[in-house]
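Summary of the model geometry
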Amino acid sequence: MRSRASDHIAALVYSVAALFSLVKLINTLSIKYYPPHKRHYGEIVYMTLTGSHQADTYLALIFILTALSITVTLYLKRRSLEPSLRLTTRYFIGLLIAIEALAAIRWFTYPLWPTPLYSDPSWHFAYIEAQLFYALSPLSPLLMLLVLASWIIKPLAASLSKSFKITSLAKLRPDSPSPTLILPSKLLLAAAISLAISMTLYPYHPNLNPQGLRASVDAYFYDQWLSEMLSRNPIEALRYAFMDVQGGSRPLHLILLYAVALTTHLPSYVIANFQFTFISILFVASTYLLAREALKDGRNAALAALIAAVSFNMTIGIYAGFASHWLALSIMYIALATYIRRKDSLKNAYITAALGVALIYLYAWSWTGFIAILLTYEGLNTIKQRRLSKEALKKLSLIIGIGLAANLAKTYLLSSINSVQAGAQVTQASCNLIQPINLYKNLVEATFFYLMGCYTNTPLLLAAFIGALALNLNDAGHRMLMSIVIPVSIIAIFSSYGLYAHLLLNLPIPILAAYAVKNPKTQRQENIILPTTLLILLNLNYTLRILASITTYF
């Protein structure tokens, strides 16, 4: 049944009244948030939609009274409120999208019009957007905890929904059509890659960073390591990469940078700073590959890639400069996607094993996590099938055997630290049995204060939690996504907050968030486009805001 014009008018009034009421409520609650780079220095969320708090108050009263009048009128005329209330949700999300879009426009024009942040009326909507975003920030540690515990919560929620006969998102068929967006997946993937490139170059715009200062903490170390390699002859340079840089923890990555330097003759600092552009492209592409294999849906995979381009993988990857970790994570996603590909399973096992060997030489700590994911995945498969598959055992034995051989070769032939040793060192330094007592405290520290508060992203974490609960563990691809979460959550229980910086980065948050907006075939197309658009714009503004803060820090 088509909605009447009066229903649309009522919905618009309701949504505007709701927005003014929300702002007033947030201001009244005096919510404390922690801006980037201001460690332990909290500010209070306080905003105005019109620029005048008095005008906000008057308009709020006018729209609330109008909404009450409309409600009474509809009641007296015995008209149903359902059409208006249904439309109110869309209009409200539409208003939020308008604010997000106007804020994004200001962030994109910031390099061309670099006035101080929030210093003039042009920043009005960007400031409103930031305040609305940080009003939700106190929920980020809790949601991160829920994401980590989703593999425990999910069966409990499924049991509860069965007891009360509630239809659960987790019961959706994994192969059901999912017209999340009407845009082709290739176009979305191209947009994701373009966005990733733009994000890595944003902090280096001449108007924001006229001196070309580094925008990444660890870029300094890569510059120093590469400079040292270039000052030596090739044999000594390779020896330095395999033996001297942190015990040989990332020789393959350094060799790749060295090869680029010899080929292009670019200065080491240029290569160290702009390597993140190429790593971001690889990460977006690898997220797409893993999501496509796990979700069996090209458009949702492209959406996951788009979210990955504006997630905290991007902000932390750039700000912290975790180049080797980020590169290894990208390769690991490709390896996991290859492992669950059904055709030519033995051939895929050899490819997975080869990629696993690459992890050992790219970033020594990544291989043990990779093997933990595979063991968890096959463990879930065994529970599901109630037997241990001989084919799975053969594949695992092949991958682990080749990996252990590569680790031994790395240690005894190249005198480098291997992945098992690296994992043991981290465990001894950062994990103990007292940490479970401090679990939530550590999450608060890691979310709000560590790494410039980049993990403070409540909308993304909420979407990821919903996506985790919606996974159907009868599907092998979905089990793989949960298999990534489980080892991270177990290690996190016993870890200090400093290790969280790396642990939480391994979570497949973009893929889970994309699956949260997966559309059952009974749902109408327009019901999903608005939430999806809002999620992307929220994360786009989050990323641009963090990157702009980087330029004011270094």
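Residues numbered from 1 in each chain as written. Predicted model: local features only at pLDDT ≥ 70, side-chain atom pairs only at ≥ 80, totals over all residues. Heavy atoms only, no water.

What follows covers the confidence of the model for the protein chain. Summary statistics for the protein chain give a mean pLDDT of 89 and a share of 92% for residues scoring 70 or more. Predicted confidence is poor over residues 164-180, with pLDDT under 50, and the contacts of this stretch with residues over four places away or in other chains come to 41 contacts. (pLDDT = per-residue confidence, 0-100. Contact = heavy atoms within 4.5 Å.)

Let us look at the pattern of salt bridges. In total, this model carries 5 salt bridges according to the counting rule given. The closest approach of N and O atoms between glutamate 228 and arginine 232, which form a salt bridge, is 3.0 Å. Where glutamate 293 meets arginine 341, a salt bridge forms, and the shortest distance between an N and an O atom there is 3.4 Å. Residue glutamate 293 is found in helix 11 (residues 268-295), and its partner arginine 341 is found in the loop between helix 14 (323-339) and helix 15 (345-362); the two are separated by 48 residues along the sequence. On the accessibility criterion, arginine 341 (32% relative accessible area) is partly exposed. (Salt bridge = Lys/Arg side-chain N within 4 Å of Asp/Glu carboxyl O. Helix = DSSP H or I, 4+ residues; strand = E, 2+ residues; numbered from the N terminus. Buried < 20%, exposed > 50% of the residue type's maximum accessible area, 1.4 Å probe, protein only.)

One can find threonine 28 in helix 1 (residues 5-29). Accessibility expressed as a relative area gives 63% for threonine 28, which makes it exposed. Remark: the alpha-carbon pair of threonine 28 and valine 45, spanning 17 residues in sequence, is separated by 9.3 Å.

Here we take up the side chain of glutamate 129. If you trace the backbone, glutamate 129 turns up in helix 4 (residues 124-135). Take glutamate 129: its relative accessible area is 0%, and that puts it in the buried class. Within polar-contact distance, the side chain of glutamate 129 engages the side chain of arginine 545 at 2.6 Å. Apart from the residues lying within four places of it in its own chain, the contact partners of glutamate 129 are Ile99, Glu100, Ala103, Leu538, Asn541 and Arg545. (Polar contact = N/O pair within 3.5 Å; in protein donor to acceptor, adjacent residues only side chain to side chain.)

So, on to unusual backbone geometry. Negative phi is the rule for most residues except glycine; trans is the rule for most peptide bonds. Residues other than glycine seldom take positive phi values, yet glutamine 246 does so here, at roughly 50°. Checked against the element boundaries, glutamine 246 lands in the loop between helix 9 (234-244) and helix 10 (251-264). For lysine 296, which is not glycine, the phi dihedral falls at a positive 55°. On the secondary structure map, lysine 296 appears in the loop between helix 11 and helix 12 (298-308).

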